[in-house]
Amino acid sequence: MKKILLAYNPVSGHAAFKRRLDWIIKEFQKRDCIIIPYRTLRHNHHFAEFVRAVEPTGIIAAGGDGTVHEIVNLVVKNELHLPVGIIGSGTSNDFATYLHINDDYDAYFDAIAAGSTRPVDLGKVGGTYFINVASAGVMTGIAHEVPPRLKNALGKFAYYLRGIGEIPKMRAAHFTVEADGTPYTFDAFLFLVVNSATVASFKDVLPCAAIDDGKLDFLAVKKANVAQVMRLSTDLFAGRPVIDLPSIFHVQAKHFKIMADIELSGDLDGEVGPMLPMEITTVPKAVEIYCFT
């Protein structure tokens with residue numbers, strides 16, 4: 001029988017995942033797999049030691065984007081060389097949404113039991129990896145400012161409420177960006193460097209993005225008038241692509257250097273990241289992710 005390590009965040013989303021634990025154990029037992037639970041902590045210094053002692057055939061990260069970020073970093077940095085699965089149970093589950101994991105858990109558990117994986121690129125900032133998005137600018141720190149009780153009660157709507165409150169404070173920064181050595185300058189409210197097409201709970205923001213093409217997509221929301229900002233917001237909520245809008249700057253590259261004329265804190269997969277300037281490198285096919293066949 002295969003052994004699968006389940007690294008779950010007990011407080012992500014509505015803090016209700018632990019009530020699903022028995023169901024997950026049952027489902028994998030039906031597939032001749034043993035689930036070994038690992039309850040994530042504030043600091044998971046002994047995770048790699050735990051994994052090596054258990055010797056699983058794979059790992060499942062159960063939680064939101066931050067939990068996936070944490071587990072992927074632990075796997076790659078410790079050279080565990082194990083595939084990672086995702087059970088999206090957080091307030092935001094962008095990477096799981098992009099892979100359509102939450103659409104059919106029965107089929108996804110079949111894929112994990114069968115060992116169906118695909119290699120996925122990662123972005124790297126300093127010594128930290130991100131699987132879906134790096135960002136900075138106005139509104140990118142909202143996820144860190146929303147109180148946990150509000151997130152658990154309102155889910156994604158909590159972010160939207162906080163974001164609306166930030167609009168009157170918006171001030172564009174002047175960015176200088178090098179994409180594979182080519183320089184660009186512009187004024188923008190924020191930027192995103194993304195791996196998949198699903199960002200901030202919005203689907204198909206960048207249909208051209210691919211998680212295994214060896215490149216990342218840089219998208220900036222440029223300084224714009226009210227009508228242009230409203231058009232962008234309308235298209236995002238409608239699930240329409242936005243890269244052709246006049247308020248958007250977009251470029252693909254393997255390597256980025258990003259600077260701003262004001263102090264800005266970065267964000268990696270919804271977790272607090274480094275201050276700008278930020279240097280981002282694509283790490284091709286850095287991790288195996290369980291996925292549908």
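Residues numbered from 1 in each chain as written. Predicted model: local features only at pLDDT ≥ 70, side-chain atom pairs only at ≥ 80, totals over all residues. Heavy atoms only, no water.

Examining the overall build of the protein chain
So, step 1. Check the secondary structure of the protein chain and you find nine helices and 15 strands.
So, step 2. By the burial criterion, 51% of the 293 residues in the protein chain qualify as buried.
So, step 3. Of the roughly 13,600 Å² of accessible surface on the protein chain, a fraction of 54% belongs to carbon and sulfur atoms. (Helix = DSSP H or I, 4+ residues; strand = E, 2+ residues; numbered from the N terminus. Buried < 20%, exposed > 50% of the residue type's maximum accessible area, 1.4 Å probe, protein only. Areas by Shrake-Rupley, 256 points an atom, 1.4 Å probe, with all protein chains shown as cover.)

Describing helix α3 (residues 65-77)
So, step 1. The terminal C-alpha atoms of α3 lie 18 Å apart, and with 13 residues this matches the ideal 18 Å at 1.5 Å per residue to within 8%.
So, step 2. Counting buried positions along α3 gives ten out of 13 residues, so the element sits mostly inside the fold.
So, step 3. Residues of α3 that are buried include every one of Asp65, Thr67, Val68, His69, Ile71, Val72, Asn73, Leu74, Val75 and Val76, and no others.
So, step 4. With its phi angle positive at about 50°, glutamate 79 sits one or two positions after the end of α3. (Expected span 1.5 Å × (residues − 1).)

Some remarks on the side chain of arginine 31
So, step 1. Examined against the element boundaries, arginine 31 turns out to sit in the loop between α1 (21-30) and β2 (33-39).
So, step 2. Given a relative accessible area of 14%, arginine 31 falls into the buried group.
So, step 3. In terms of polar contacts, arginine 31 uses its side chain to reach the side chain of aspartate 110, at 2.7 Å.
So, step 4. Not counting residues up to four positions away in its chain, the partners in contact with arginine 31 are Asp106, Phe109, Asp110 and Ala113. (Polar contact = N/O pair within 3.5 Å; in protein donor to acceptor, adjacent residues only side chain to side chain. Contact = heavy atoms within 4.5 Å.)

Notes on the environment of aspartate 217
So, step 1. Tracing the chain through its elements places aspartate 217 in strand β10 (residues 216-222).
So, step 2. A residue is classified by how much of its surface remains accessible, and aspartate 217, at 0% relative accessible area, is buried.
So, step 3. Setting aside residues up to four positions removed in sequence, aspartate 217 forms contacts with Leu192, Val193, Val194, Leu206, Cys208, Ala209, His250, Val251 and Gln252.
So, step 4. There is a polar contact of 3.1 Å between the side chain of aspartate 217 and the side chain of glutamine 252.

Points about the confidence of the model for the protein chain
So, step 1. The share of residues in the protein chain with pLDDT of 70 or more is 85%, and the mean pLDDT across the chain is 85.
So, step 2. Below a pLDDT of 50 lies the segment residues 149-165, which in the model reaches 31 contacts outside its immediate sequence neighbourhood of four places, other chains included. (pLDDT = per-residue confidence, 0-100.)

A word on the pattern of salt bridges
So, step 1. Applying the stated criterion across every chain, the model contains six salt bridges.
So, step 2. In this structure, arginine 31 engages aspartate 110 in a salt bridge whose closest nitrogen and oxygen atoms are separated by 2.7 Å. Of the two residues, arginine 31 is situated in the loop between α1 and β2 and aspartate 110 in helix α5 (residues 105-114); the sequence distance between them amounts to 79 residues.
So, step 3. Aspartate 212 serves as the salt-bridge partner of arginine 118, at 2.9 Å between the closest nitrogen and oxygen. With a gap of 94 residues between them, arginine 118 in strand β5 (residues 117-125) and aspartate 212 in the loop between β9 (182-194) and β10 connect regions that are remote in the sequence.
So, step 4. You can call arginine 118 partly exposed: its relative accessible area is 27%.
So, step 5. Residues joined in a network through salt bridges with shared partners are Lys26, Glu27, Lys30, Arg31, Asp106 and Asp110. (Salt bridge = Lys/Arg side-chain N within 4 Å of Asp/Glu carboxyl O.)

Things to note about unusual backbone geometry
So, step 1. Of note, the amide linkage connecting leucine 276 to proline 277 takes the cis form, showing an omega dihedral of 5°.
So, step 2. In the Ramachandran plot, glutamate 55 falls in the positive-phi region, its phi being about 55° despite a non-glycine side chain.
So, step 3. Within the element layout of this structure, glutamate 55 appears in the loop between α2 (47-54) and β3 (58-63).
So, step 4. Overall, glutamate 55 belongs to the exposed group, its relative accessible area being 59%.
So, step 5. At histidine 100, a residue that is not glycine, the phi angle is positive and equals roughly 60°.
So, step 6. Checked against the element boundaries, histidine 100 lands in the loop between α4 (94-98) and α5.

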